[in-house]
Amino acid sequence: MLLPRFLMLTAMVIANCSAVADEPSVQDSTPEPQEPKLVAASSEGQDQIKQFKFPENLRCEVFAAEPMVANIVAIHRDYAGRMFACENYRGKKGVEDNRNHKEWLNDDLAAQTVQDRIAYMKRHHANAVQRFTTHDDRIRMLLDTDGDGVADQSTVFADHFNRMESGIGAGVLSYRGDVFFTCIPDLYLLKDTDNDGVADVRRSLHSGFGVRTAFHGHDMHGLIIGPDGRLYFSIGDRGYNVAPEIHDATSGAVFRCELDGSNLEVFATGLRNPQELAFDDYGNLFTGDNNSDSGDKARWVYVVEGGDTGWRMYYQYEKNRGPFNREKIWHPFSSESPAYIVPPVANLSDGPSGLEYYPGTGLGDEFKGKFFLCDFRGTPSKSGIRTFRAVADGAFWKVEDMEEPFWQILATDLDFGSDGKMYVSDWVQGWVGEMKGRIYTFSNPETVDSKLVKEVEQLLGGEIAKKSNEDLAALLGHVDQRVRQESQFELVDRKQFENLKSVALTNSETLPRVHAIWGLRQLARNSVAATSVTASLDFATVVTPLLKDADAEIRAQAAEFAADARHANLGDLIPLLDDESLRVRCFAAMALSRIGDSSCANPIAEMLVENADSDPIVRHGGIMAIKLLLSDSSSNSQDEISKLGQHSSASVRLAFVVALRKCLSSKVPSSNHDSLTKLLAERLGDTDAGVYAEVVRAIHDLPISNLMPVLANQIELMSRHFNGGILDDAIARRVINANFRVGEKANAIALATFAANGNMNSERRIGAINAISQWMNPPNLDP
């Protein structure tokens with residue numbers, strides 16, 4: 001089969017579309033939605049517990065059921081005990097799916113803005129406004145006012161999310177009086193200022209998410225407060241066009257911003273449908289990414305800043321999913337993994353949805369250090385909640401202790417309440433909501449009423465704000481992750497530099513020191529932004545000793561701190577590139593990717609040489625550091641930096657090429673674009689198969705239009721074989737397709753010559769023949 005011709009279509013339509021950052025709203029003309037007709041109350045929810053499989057020492061109870069709540073996509077219980085549930089009534093009844101609308105598939109692949117999507121929906125359906133706005137998604141708020149463990153009050157907290165362009169409301173987070181809600185095309189901030197259970201403030205912090213229809217459920221979700229005090233959230237591969245520099249219509253992504261919505265940035269990309277996000281105790285971010293139903297498996301992904309995990313939305317429309325399957329993009333890391341991606345840690349789950357990290361208290365110590373991942377497969381008998389641990393393996397990870405302790409429940413989401421209980425939302429049955437829905441609690445009778453759990457509930461319920469600075473410093477070592485984090489945030493709010501500094505430098509335990517460093521990073525970030533009195537603080541007095549600490553985790557965290565504080569002495573950081581800990585090396589390289597200069601080029605190269613592509617995260621750190629050096633067009637050392645592309649080590653040249661790719665894939669053209677393009681073209685002469693393949697991938701896949709003829713000319717060298725297999729296939733398909741896309745007479749002759757060469761691989765020759773046969777009538781999509 002010809003290499004993805006849909007890429008040709010995509011490139012063509014992108015060239016003919018103008019990006020629109022500010023999406024107009026059709027809210028004013030949106031009709032009133034129908035009121036959902038929920039199933040009447042019954043004993044079904046209670047009876048269903050008998051079918052569940054869960055640990056014998058735990059207790060399961062119904063917290064809420066229909067008609068109090070239904071069609072639950074996501075849940076969140078805040079520290080005040082309010083349960084928020086995202087209810088979906090638009091699934092397949094307004095939020096559509098390309099599988100059911102093939103008539104607009106080409107238009108969907110062409111769409112670059114939300115307004116483009118609105119326009120083609122109207123063009124294909126005369127009654128589009130009525131058809132796609134009849135039902136709405138909403139947020140339900142549930143309360144247990146008498147403390148008996150069962151919700152007795154239910155209000156519609158916010159509704160009328162039924163604009164024609166609206167997606168599924170699939171993420172909710174209540175924090176310090178603000179309720180964040182993700183519903184394509186917006187990230188909303190909601191408030192209930194009069195405490196009546198209904199939001200009376202509704203503001204879009206950002207709009208422009210979901211430029212394409214794609215597949216059902218590939219929406220916005222994953223809201224979580226990170227250890228850096230920022231809001232993180234995700235989107236599936238429906239794409240986004242929020243600003244010129246925040247624009248990608250081809251893949252899912254993870255974003256972050258301040259809690260007021262400022263400083264929005266893309267944190268990582270290349271995901272298909274990352275439903276939820278979770279941080280472990282040391283600030284490592286993970287997600288479960290859904291598979292594409294083509295024999296591939298779901299991915300457990302370590303989400304790193306600047307990472308690309310390789311999925312592109314248009315892969316969905318090739319029968320074999322194109323490079324995603326052929327080039328083993330979804331497989332765990334191996335020597336065959338493309339270098340431009342951060343590979344998944346493992347393949348686990350079939351329908352990853354809700355995700356949480358055990359906070360440390362509630363169910364029992366046997367769950368400490370474990371992730372809880374909902375596996376949604378459309379039927380209770382095959383669904384439930386998996387638990388496992390992510391264990392460090394160099395700078396990367398491996399998965400251990402996988403179990404299925406909560407099973408035969410069609411769980412969409414879960415949340416750990418400050419009351420020591422685990423709350424689980426149940427979709428009940430099927431893929432389309434049946435106007436039913438339950439929220440169950442799982443609790444440990446031996447611990448739920450313990451002194452520790454009650455302490456956690458009180459602290460998170462408001463007592464932390466009343467604690468002295470000394471008490472807060474002590475709570476940075478609390479057994480519960482949430483208590484540690486809230487104590488950290490309170491110290492930051494009070495600008496307690498000295499308290500945080502003292503814990504970071506003198507405490508005997510790692511975790512409280514890590515939280516203190518995170519708090520100092522928050523103060524440093526505010527300082528750099530010149531938004532507070534912290535601008536005068538001397539962070540160097542903390543950064544320098546921490547970078548030399550005996551604890552490897554502290555050295556790693558200190559490297560990030562140095563970057564946030566804009567630590568001027570790179571001589572403190574550069575030695576960490578040769579640290580005995582690979583995690584420290586990676587963190588140091590990532591720090592230098594933000595504050596480095598040409599003086600770190602050779603040390604980065606030395607790190608990459610020693611790594612020899614054995615640890616993908618160390619390599620990623622080196623790539624990101626080189627990217628900064630290449631992006632700095634004002635540097636007087638560009639000639640020296642460009643020599644990295646001619647380094648004697650293929651590992652260095654490989655990182656150099658991927659760094660070029662990252663620079664050239666930027667949504668905002670750089671001032672040195674031409675020089676970077678030239679550097680990439682020069683590497684087409686590389687004799688290493690891996691380096692050469694990455695150059696070919698970069699030129700073809702981005703695409704870089706002015707280098708496409710150069711890539712097409714590589715067909716004259718196709719008799720040059722490396723080691724066969726995946727790399728040869730990846731190169732050949734792209735070179736053949738480059739000739740097809742350039743489309744000149746000389747390219748047709750080149751393809752014919754190639755096809756006539758009996759010494760060539762027969763599959764490649766057939767690919768060339770197919771290209772020629774469609775020369776005068778190029779297909780929009782592969783069949």
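Preceding this paragraph is the structure being described.
Residues numbered from 1 in each chain as written. Predicted model: local features only at pLDDT ≥ 70, side-chain atom pairs only at ≥ 80, totals over all residues. Heavy atoms only, no water.

K.L.:
Explain the overall build of the protein chain residue by residue, including any values.
P.N.:
For the protein chain, the helix and strand inventory stands at 25 helices and 27 strands. In terms of C-alpha radius of gyration, the protein chain reaches 27 Å, essentially the compact-globule figure of 28 Å for 783 residues. Each principal axis of the C-alpha distribution contributes one length, and for the protein chain these read about 80 × 65 × 50 Å. Averaging the positions of the 80 positive and the 109 negative side-chain charges in the protein chain gives two centres separated by 5 Å. (Helix = DSSP H or I, 4+ residues; strand = E, 2+ residues; numbered from the N terminus. Rg over C-alpha atoms; globule rule 2.2 N^0.38 Å. Lys, Arg positive; Asp, Glu negative; His and termini not counted. Charge placed at Lys NZ, Arg CZ, Asp CG, Glu CD.)

K.L.:
Describe unusual backbone geometry, with residues and values.
P.N.:
Residues Ile184 and Pro185 are joined by a peptide bond in cis, for which omega reads 10°. One can find Pro185 in the loop between strand S7 (178–183) and strand S8 (186–191). Cis geometry marks the peptide bond from Leu702 to Pro703; its omega dihedral reads -15°. Residue position: Pro703 is located in the loop between helix H21 (689–701) and helix H22 (708–712). The phi torsion at Asp293 lies on the positive side, around 60°, for a residue other than glycine. One can find Asp293 in the loop between strand S17 (285–289) and strand S18 (299–302). For Arg566, which is not glycine, the phi dihedral falls at a positive 55°.

K.L.:
Would you mind going over the packing of helix H23 (residues 725–742) against helix H24 (residues 745–756) in detail, with residue names and values included?
P.N.:
For the pair H23 and H24, the least separation of the axes is 8 Å and the interaxial angle reads 150°. The angle between the axes of H23 and H24 places the two elements in the roughly antiparallel class. Crossing angle aside, the handedness with which H23 passes H24 is left-handed. Mapping the contact onto sequence places Ile736, Asn739, Phe740 and Val742 in H23 and Asn747, Ala750, Leu751 and Phe754 in H24. Here the contact of H23 with H24 is composed, by residue class, of six nonpolar, two polar and no charged. (Axes fitted to C-alpha atoms, helices over the stretch in contact; angles between N-to-C directions. Parallel < 35°, antiparallel > 145°, perpendicular 65-115°, else oblique. Left-handed = near helix turned anticlockwise from the far one by under 90°. Contact = heavy atoms within 4.5 Å. Nonpolar A, V, L, I, M, F, W, Y, C, P; charged D, E, K, R; others polar.)

K.L.:
Quick rundown of the packing of aromatic side chains? Include the residues and the values.
P.N.:
Counted according to the given criterion, the structure contains 40 aromatic pairs. Members of the aromatic cluster, each reached through a chain of ring pairs, are Phe54, Tyr358, Phe367, Phe372, Phe406, Phe416 and Phe442. The side chain of Arg99 reaches across the aromatic face of Phe215, ending 3.9 Å from its centre. Above the face of the Tyr188 ring, Arg202 is positioned so that its terminal group lies 5.5 Å from the ring centre. (Phe/Tyr/Trp six-rings, centres within 6.5 Å; stacked < 30°, edge-to-face > 60°. Lys NZ or Arg CZ within 6 Å of the ring centre and 35° of its normal.)

K.L.:
Outline H24, listing residues and values.
P.N.:
The terminal C-alpha atoms of H24 lie 17 Å apart, and with twelve residues this matches the ideal 16 Å at 1.5 Å per residue to within 8%. Among the residues of H24, those classed as buried are Asn747, Leu751, Phe754 and Ala755. All buried residues of H24 lie within an arc of 100° about the axis, which places them on one face of the element. Those residues of H24 that are exposed and angled more than 90 degrees off the buried face are Lys745, Ala746, Thr753 and Ala756. Tucked into the core, H24 has its buried residues touching H22, H23 and helix H25 (762–773). (Expected span 1.5 Å × (residues − 1). Buried < 20%, exposed > 50% of the residue type's maximum accessible area, 1.4 Å probe, protein only. Arc of directions from axis to C-beta.)

K.L.:
An account of the environment of Val609 is needed here, citing residue identities and associated values.
P.N.:
Residue position: Val609 is located in helix H16 (residues 601–611). Judged by relative accessible area, Val609 falls into the partly exposed class, the value being 38%. When the C-alpha atoms of Val609 and Ser651 are compared, they prove to be 6.1 Å apart, with 42 residues separating the residues in sequence. Those residues in contact with Val609 that lie beyond four places of it in its chain are His647, Ser649 and Val652.

K.L.:
Break down the sheet that holds S8 for me, citing the residues and quoting the values.
P.N.:
Pairing between the strands of a sheet is mediated by backbone hydrogen bonds and can be parallel or antiparallel. Pairing within the open sheet is antiparallel, and its four strands lie in the order S6-S7-S8-S9. Pairing within the sheet leaves two strands with one partner each, and these edge strands are strand S6 (171–175) and strand S9 (201–207). Here the strands of the sheet are splayed against their neighbours by 20° on average, with no regard to which way each runs. In terms of strand pairing, S6 meets S7 through five bridges, oriented antiparallel. By the bridge assignment for S7, Val172 is matched with Phe181. (Pairing = 2+ DSSP bridges.)

K.L.:
How would you summarise the pattern of salt bridges if you had to cite specific residues and measurements?
P.N.:
Enumeration over the complete set of coordinates arrives at 61 salt bridges. A salt bridge links Asp308 to Arg312; the nearest nitrogen and oxygen atoms lie 2.7 Å apart. Here Asp308 falls in the buried class, since its relative accessible area comes to 8%. Note that Asp375 is salt-bridged to Arg386, the shortest N-O span being 2.8 Å. Here Asp375 is found in strand S22 (residues 371–375), whereas its partner Arg386 is found in strand S23 (residues 384–393), with eleven residues between them in sequence. For Asp375, a relative accessible area of 0% gives the class buried. Given a relative accessible area of 14%, Arg386 falls into the buried group. Linked by salt bridges that have partners in common, Glu318, Arg326, Asp729, Arg733, Glu763 and Arg764 make up one network. (Salt bridge = Lys/Arg side-chain N within 4 Å of Asp/Glu carboxyl O.)

K.L.:
Tell me about the sheet that holds strand S27 (residues 438–443), and please be specific about residues and values.
P.N.:
Pairing is antiparallel in the open sheet, where four strands are placed in the order S1-S27-S26-S25. In this open sheet, the two strands that pair with only one neighbour each are strand S1 (59–65) and strand S25 (411–416). Within this sheet the neighbouring strands show an average axis-to-axis angle of 25°, counted without direction. Bridge analysis of strand S26 (residues 422–426) against S27 gives five bridges, and the strand direction is antiparallel. Note on S27: the bridge partner recorded for Val424 is Tyr440.

K.L.:
Please give an account of the pairing of S22 that cites residues and values.
P.N.:
The element S22 is extensively covered by neighbouring structure, given that five of its five residues are classed as buried. With burial as the criterion, each face of S22 is covered, one bearing Phe371, Leu373 and Asp375 and the other bearing Phe372 and Cys374. As judged from the five bridges shared by S22 and S23, these two strands associate in the antiparallel manner. The residue bridging Cys374 from the neighbouring strand is Ile385, located in S23.

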